[in-house]
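Inside the fold
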Amino acid sequence: MSRIDLFVNGRTHRVDVDPDTPLLYVLRNDLNLNGPKFGCGLGQCGVCTVIADGEAVLSCMTPVSSFKRSRITTLEGLGTPARPHPIQQAWIEEQAVQCGFCTNGQIMQAKVLLDRNPNPTEPEIREALERVLCRCGAYYRIIRAVKRAGELMRTAKGQR
Amino acid sequence: MASGKRTTGKGISRRGFLKGAGVMIVGFGMGGLTCVLDPRTSAADFSSAVDPAKLSSWLAIGRDNTVTLFFGKVDVGQGLATAFRQLVADELDAPFDRVRVVMGDTALTVDQVGASASSGLREGGPSVRSACAEARLMLLEIASARMGVPIERLDAHEGVITVRGGGKRALSYGELVSGKHFNATLNWNGQLGHPLNVTGRALPKGPDQLKLVGQSIPRDDIPSVVFGREHHVVDVRLPRMKHGRSIKPPFAGARPLSVDTGSISRIPGVIEVVRRGDYVGIVCDREEQAVRAASELKIVWSEASEVSFPTDSTGLFDYMRQAPSRSDRVVDQIGDVDEAFARAARIVEATYEVPFTSHASMGPACAVADWRAGEMTVWSGTQKPYDQRTGIAALLGIPREKVRVIWKPGPGSYGRNDAGDVAYEAALLSKEVGRPVRLQSMRHEATAWDPKAPAALISVRGALDGAGNVTAFDWDNRSFSHQDVAPSENAPGETLLGQFQGLRREVRNVVGTPSEPYSFPNKRLTTHTIPPLLQMASPLRTSHLRLPVPPVITFASESFIDELAASVAADAIEFRLRYLAGSRQARLLKAVAEAASWETRPSPKAGARIVSTGIVTGRGVAVRGGAATIAEVEVDMQTGRVWVKRFVCAHACGLIVNPDGLRNVIEGNLMHSMSRALCEEVRFDRSRVTSADWSSYPIATMADTPDKIDKILVNEPDIPPKGAGEETSAQTQPAIANAIFDATGVRLRRLPFTAERVKASFAGRESSG
């Protein structure tokens, strides 16, 4: 076990864990976060996705020790019901959820995409989110939600 | 700790739960208003069944006008809770945003099965509406007595009762109930589960009086998902909770001969290795320790020289063709089929092959179990909390009253997935270590070891006369049963844990036949049940997967109707309508044809031929039950890749409660069944299932998503909701097969239509250009 400081959602958390522990277990079990989920442990489905220094990271297969100097954002770090992130707002407006198990991965990948490319084409959306699987088949609405989120983010930016 | 907030946890009785919501019993006695305290004491209620005959079992109203509905269905990602809030607010004239629901908790809600056969609204709705109507009448009666005004002069609106022409006199439901419980008896038919029904003195409202029903109200569970709040069963955390993993044999049928616990002595946090028969599980302090210990634990398994299965997946259909059947049935017979074939001018024959498919839920199943003072509480993603309660009690050898199962949303389950197994395993582990245990499976367990939808080999023959009329239809389905293990998971022998202990299960021969009312004068429907490839603890054991029988059989039946139509150069819809006159299916076909601007012509389309490059397009249709679907596809002739560019689906399911919720469900059904059509096949060698993750069991991705999915909702306000959860899952596979035929002239009779298989079907058939 070793002490590791993690900077997650704007706060530093000190954890005492085996440094080889996948980040996912630390986020869920030590920090009590619910957003990132265990889907495969193999980097194939994307439901464990978090953002570290602006990059999408598969937390199920990356050791916690490699995040000592990272700024980590999870789904919980995006917004709240009172102040939702535009992507969360778009997801609610488009009702882009079935069982909701993959939603974390879809939203976090959408954030990485929209931060880089505020006005993506539909093929760009499809390509960026292709690695996050949805077993219920909510893809059709998820594409619409990403488009709407882009609009909301561009509007918000224009108003500032 | 999140667990500190848990109000529905261990030791909280139903009465305590209701008290927490600020309610007691309110009764309306013979001589007017009388208050009667609930005679149940607070301690015993954890173990008593919730009595369907008591109105207070269904509804509670708080001082703040909050209405809580308790009901025994569960939601599997389709927005059922919101639909029920709409029903309750309408029937009770209650404010929608004050209506709460509690679902699928064996200590709090009546036994209405849970989720099964799209029955949430169909079976759950009538009793809930009756209970609400009765509560509304009671509230009016109490208000009438208190205000001294006849009921006929009272109005109920948004949880407030007012006097017509009575100025500002008003009483809210919360004031009327005044912190008490309803003390009234409903007429209960004495049945639990599927047939449970209650009625009261008051009748539910007619469709024209419903205001919220029919509106697209957003689902109330979506915010908790998008903000990362505790929602799914994987998010349940208890104080002192430990982490478990189960260990599956390296090949099917292998038995652990010895377990070397010393092999994991260097891994910190190991609490216990649990053996029960051939089951091996492990409990550790931390989750990553359990994952590691489960993978490093040295077990000597029984000899691997014996093969587990008599075939592998490559030889599956050859095996099925000659495999013995344990049950042969002529399910239905009309006229004289053999004579009709003897006289036929032409006979069309085809055989369709459907492989095993996996639930492969998005997350491996998870359950949290808490054994304490001789009582077991399990948080489970199961569809069947009440049956699971019965089975876990049997597993642990304790009375059913000592077990409480609390449903929490799992990943989409689509039937009897792996959630039915892990709850039993978690309960065993918690009892063995005497602490709360969270058990989650690994990916290979969810995909390779979940119960499968059965493989089927379906041969169909049609006889035609000289004028091209169908004179006979002969159906022969050789399939594995749909129920090697019971979808209800109500006994240990129906679960992997029980089977690892050698516990017996029932034998059921469930093999399907088509139900469409095609008016063929002679018809014969025959089924044969092939015994399982491995009798016990098999990773190829079957159970319900989405609908569950029609997706397997409709592929054959609706592909074959298309083959018949093509054989007489008839349009696929026009041909179907010849034999469906006046039926619901005929109306749905007409609706979908109009929406898709269907051009009446035979398939394949003019000029369809096999070329070496380029994209060709086609359209196909299929109808079954309450839905008709048209698929418009593009086929890449070079790669064989099929892309469904557009779906048009017409669906009739009785009274529509929430149109956008229904559209969402239809989209999911189409995409999930499209994935089964294009991608999914469980592969196995002679000793194990080799489809064990998303790379060996690929599913549809966002890249496969159609450009457009048109949903035509056919509202039937005078018919109660019939259930829409799965109905639109059955038509997709034949619609796509028929579209590929329309585009290329090649008929695919083996699922799935992977690019390789489609490309291979073109071999030797290319024309120049």
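Residues numbered from 1 in each chain as written. Chains lettered and ligands numbered in written order. Predicted model: local features only at pLDDT ≥ 70, side-chain atom pairs only at ≥ 80, totals over all residues.

Another point: the overall build of chain A. Each helix and strand in chain A was counted, giving five helices and five strands. In chain A, the succession of α and β elements from N to C terminus is β-β-α-β-β-β-α-α-α-α. At 16 Å, chain A has a C-alpha radius of gyration in line with the 15 Å of a compact globule built from 160 residues. By its C-alpha atoms, chain A is 45 × 35 × 25 Å across when sized along the principal axes. Looking at chain A residue by residue over its 160 residues, the buried ones come to 55%. Sequence-distant contacts, at least 24 apart, represent 58% of the contacts inside chain A between residues at least 6 apart. (Helix = DSSP H or I, 4+ residues; strand = E, 2+ residues; numbered from the N terminus. Rg over C-alpha atoms; globule rule 2.2 N^0.38 Å. Buried ≥ 20, exposed ≤ 12 C-beta atoms within 10 Å, placed from the backbone. Contact = placed C-beta atoms within 7 Å.)

Residues and elements named next belong to chain A. For chain A, the assigned domains read domain 1 (2-77) and domain 2 (86-159). If you average the C-alpha positions of domain 1 and of domain 2, the two centres end up 21 Å apart. Contributing elements (two or more residues each) for the side of domain 1 that touches domain 2: β3 (49-52) and β4 (55-58). Among the elements that line the side of domain 1 that touches domain 2, the one with the most residues is β3, at three residues. (Domains from an automatic or database assignment.)

So, on to the domain arrangement of chain B. Residues and elements named next belong to chain B. Each assigned domain of chain B is listed here: domain 1 (2-229), domain 2 (234-305 + 376-443), domain 3 (316-359 + 451-550) and domain 4 (568-762). Contacts between domain 1 and domain 4 engage 19 residues on the former and 19 residues on the latter. Elements with a contribution of two residues or more to the side of domain 1 that touches domain 4: α2 (80-92) and α3 (120-147). At five residues, the largest contribution of residues to the side of domain 1 that touches domain 4 is made by α3. Of the residues assigned to the side of domain 1 that touches domain 4, the class counts are seven nonpolar, ten polar and two charged. (Nonpolar A, V, L, I, M, F, W, Y, C, P; charged D, E, K, R; others polar.)

This part is about the nonpolar core. Residue and element names in this part refer to chain B. The biggest cluster of nonpolar side chains holds 263 residues, and the ones touching the most others in it are Leu59, Leu69, Val88, Ala367, Ala426, Ile736 and Ile740. Broken down by element, this core gets its largest block of residues, ten residues, from α3. Among residues more than four places away in sequence, those in contact with Ile740 are Gly618, Val633, Val635, Val642, Val746, Leu748, Phe753 and Val758. (Core = buried A, V, L, I, M, F, W, Y, C linked by C-beta atoms within 7 Å.)

Right, let's get into the interface of chain A and chain B. Bring the parts together and some accessible area is lost; that lost area is often taken as the interface size. Contacts between chain A and chain B engage 48 residues on the former and 48 residues on the latter. Of all the secondary-structure elements, those providing two or more residues to the side of chain A that touches chain B are α1 (23-30), α2 (86-94), α3 (103-116), α4 (122-129) and α5 (139-159) of chain A. Of all the elements, α5(A) adds the most residues to the side of chain A that touches chain B, at four residues.

Residue and element names in this part refer to chain A. Looking at the element boundaries, Thr49 is found in strand β3. A tally of 29 C-beta atoms within 10 Å means that Thr49 is categorised as buried. With 83 residues separating them in the primary sequence, Thr49 and Val132 have C-alpha atoms 8.8 Å apart. For Thr49, the contacting residues outside a window of four places in its chain are Pro36, Ala56, Val57, Leu58, Asn104, Gly105, Met108, Gln109 and Val132.

Time to look at the packing of helix α16 (residues 659-678) of chain B against helix α17 (residues 732-744) of chain B. All names here are of chain B. It is at 8 Å that the axes of α16 and α17 come closest, and there the two elements cross at 55°. Classified by the angle their axes make, α16 and α17 are oblique. Crossing of α16 against α17: the hand is right-handed. Across from Leu670, Ser673, Met674, Arg676 and Ala677 in α16, the residues of α17 making contact are Thr732, Gln733 and Ile736. (Axes fitted to C-alpha atoms, helices over the stretch in contact; angles between N-to-C directions. Parallel < 35°, antiparallel > 145°, perpendicular 65-115°, else oblique. Left-handed = near helix turned anticlockwise from the far one by under 90°.)

All names here are of chain B. Every second residue of strand β23 (residues 437-440) is oriented toward a common face, with Val437 and Leu439 on one face and Arg438 and Gln440 on the other, all of them buried. Relative to β23, strand β12 (residues 242-247) runs parallel, the two sharing three bridges. In the sheet register, Lys242 faces β23, and the bridge partner there is Val437. As judged from the four bridges shared by strand β20 (residues 366-372) and β23, these two strands associate in the antiparallel manner. Each residue of the ladder has a partner; that of Val368, found in β23, is Arg438. (Pairing = 2+ DSSP bridges.)

Here we come to the sheet that holds strand β8 (residues 170-172) of chain B. Backbone-to-backbone hydrogen bonds pair the strands of a sheet. The strands run either parallel or antiparallel. All names here are of chain B. The strand order across the open sheet built from three strands is β6-β7-β8, with neighbouring strands paired in antiparallel fashion. The open sheet has two edge strands, β6 (154-157) and β8, and neither has a second partner. Sheet twist, expressed as the average angle between the axes of neighbouring strands with direction ignored, equals 20°. Relative to strand β7 (residues 160-163), β6 is paired through four bridges, and the arrangement is antiparallel. When the bridges of β7 are listed, Leu154 appears paired with Val163.

All names here are of chain B. Pairing in this open sheet of three strands is mixed, and the strands run β3-β4-β5 from one edge to the other. In the strand order of this sheet, the two ends are held by β3 (59-61) and β5 (99-103), each with one partner. Each strand axis lies, on average, 20° off the axis of its neighbour in the sheet, ignoring direction. In this structure, β3 lies alongside strand β4 (residues 67-71), joined through three bridges in antiparallel fashion. Counterpart to Ala60 in the pairing with β4 is Thr68. Lying on the sheet, α2 is in contact with β4 and β5; it crosses β5 at an angle near 130°.

All names here are of chain B. In this structure, the amide linkage connecting Ser603 to the following residue, Pro604, adopts the cis form with an omega of -5°. The topology assignment puts Pro604 in the loop between α15 (584-595) and β28 (615-624). Cis rather than trans, the peptide bond between Leu751 and Pro752 has omega equal to -10°. Inspection of the secondary structure puts Pro752 in the loop between α17 and α18 (755-762). A positive phi angle is found at Ala117, which is not glycine, with a value near 55°. Within the element layout of this structure, Ala117 appears in the loop between β5 and α3. According to the C-beta neighbour criterion, Ala117 is partly exposed, with 17 such atoms within 10 Å. At Ala360, a position not held by glycine, the phi torsion is positive, near 35°. Considering the arrangement of structural elements, one finds Ala360 in the loop between β19 (357-358) and β20. Overall, Ala360 belongs to the buried group, with 29 C-beta atoms counted inside 10 Å.

Residue and element names in this part refer to chain A. Listed as buried for α4 are Ile125, Ala128 and Leu129. The buried residues of α4 occupy an angular sector of 85° when the element is viewed end-on, so they sit on one face. Elements that come into contact with the buried residues of α4 comprise α3 and α5. (Arc of directions from axis to C-beta.)

In this section: the packing of helix α13 (residues 550-567) of chain B against α17(B). Residue and element names in this part refer to chain B. In the contact formed by α13 and α17, the axes pass within 7 Å of each other and the chain directions differ by 35°. In the packing of α13 onto α17, the handedness of the crossing is right-handed. Taken together, the residues of α17 that come into contact with α13 (itself represented by Pro551, Thr554, Phe555, Glu558, Ser559 and Asp562) are Gln733, Pro734, Ala737, Asn738 and Phe741. Along the lines of polarity and charge, the residues of the contact of α13 with α17 split into five nonpolar, four polar and two charged.

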